[in-house]
Amino acid sequence: LNDAAVACGYSSQELEKETLASSLDVGYSPDAAVSWADSHCASGSSQCAEFASEAIKAGGHANGCWSTWVPDLDSCLKSNAGWKKTSFPCSKGCVVIWQDSQGPYHAAISRGGGSIDQHNPNRCQSSGSWGDNYCWCPPSFTATNQSVVV
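Draft legend 1. Just the pattern of salt bridges, in detail. Inspection of the entire model under this criterion finds 3 salt bridges. K92 is paired through a salt bridge with D31; the nearest N and O atoms lie 2.9 Å apart. With K92 in the loop between β1 (84–87) and β2 (95–100) and D31 in helix α4 (residues 30–40), the pair connects residues that are 61 residues apart, well separated along the chain. With a relative accessible area of 36%, K92 lands in the partly exposed category. Across the pair D117 and R111 runs a salt bridge whose closest N-O atoms are separated by 3.7 Å. Residue D117 is classed as buried on the basis of its relative accessible area, which comes to 0%. Overall, R111 belongs to the partly exposed group, its relative accessible area being 22%. Each of D38, R111 and D117 takes part in a single network of salt bridges with overlapping partners.

Draft legend 2. Inspection of the sheet that holds β2 at higher detail. Pairing is antiparallel across the open sheet formed by 6 strands, whose spatial order is β1-β6-β2-β3-β4-β5. Taken across any chain shown, the strands that pair with only one partner, and hence form the sheet edges, are β1 and β5 (123–127). Geometrically, the sheet is characterised by an average inter-axis angle of 40° between neighbouring strands, direction not taken into account. Here strand β3 (residues 103–112) runs beside strand β4 (residues 115–118); their pairing, made up of 3 bridges, is antiparallel. Paired with G112 across the bridge in β4 is S115. Where α4 meets the sheet, its contacts fall on β3, β4 and β5, and the angle it forms with β3 comes to roughly 105°. The sheet contacts of helix α6 (residues 70–79) involve β2, β3 and β6 (132–137), and relative to β3 the element is tilted by about 65°.

Draft legend 3. Quick peek at the environment of A55. Tracing the sequence through the fold places A55 in helix α5 (residues 48–59). Between the alpha carbons of A55 and G93 there is a distance of 8.2 Å; along the sequence they are 38 residues apart. Residues within four places of A55 in sequence aside, it is in contact with A33, W36, A37 and I109.

Draft legend 4. Just the environment of Y134, in detail. Summarising the element assignment, Y134 is placed in strand β6. A residue is classified by how much of its surface remains accessible, and Y134, at 7% relative accessible area, is buried. When the C-alpha positions of Y134 and A107 are compared, they lie 9.8 Å apart, and in sequence the two are 27 residues distant. In contact with Y134, not counting residues within four places along its chain, are D74, K85, T86, V95, V96, I97, Q99 and P104. Only 2.7 Å separates the side chain of Y134 from the side chain of D74, close enough to count as a polar contact.

Cut-off values and rules
Residues numbered from 1 in each chain as written. Predicted model: local features only at pLDDT ≥ 70, side-chain atom pairs only at ≥ 80, totals over all residues. Heavy atoms only, no water. Salt bridge = Lys/Arg side-chain N within 4 Å of Asp/Glu carboxyl O. Helix = DSSP H or I, 4+ residues; strand = E, 2+ residues; numbered from the N terminus. Buried < 20%, exposed > 50% of the residue type's maximum accessible area, 1.4 Å probe, protein only. Pairing = 2+ DSSP bridges. Axes fitted to C-alpha atoms, helices over the stretch in contact; angles between N-to-C directions. Contact = heavy atoms within 4.5 Å. Polar contact = N/O pair within 3.5 Å; in protein donor to acceptor, adjacent residues only side chain to side chain.

Shown next as structure tokens:
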């Protein structure tokens, strides 16, 4: 453990005994998110935001962003843990959000290359190239030799 663990309240005795997994080591797996979405896409009756929430949770980096309502999921990803807004088509494992004049109203999981999995209605490995949409993509953990200041 390191200075960050001390800042979180770990004692020096705990530092000698315990090892914490860093989010840099754990990260987000777009493959795991899409695998979950692929295997659950054609079944179940969950709402679109719930389906997208479960997929990013399966990917390992939802950071508390789980909702059955698209505006709440959109807001959480916008303000939580480095998710970046990009244009569609987007990378595998990103959350695709559709919006109209009243705001965000539909969500899906990007499979990459313009393909999506979604619920309500269940559409598997279909095109996401319709309507006005954008993506929330997970934080990238590719930085190296960076210092964390606590």
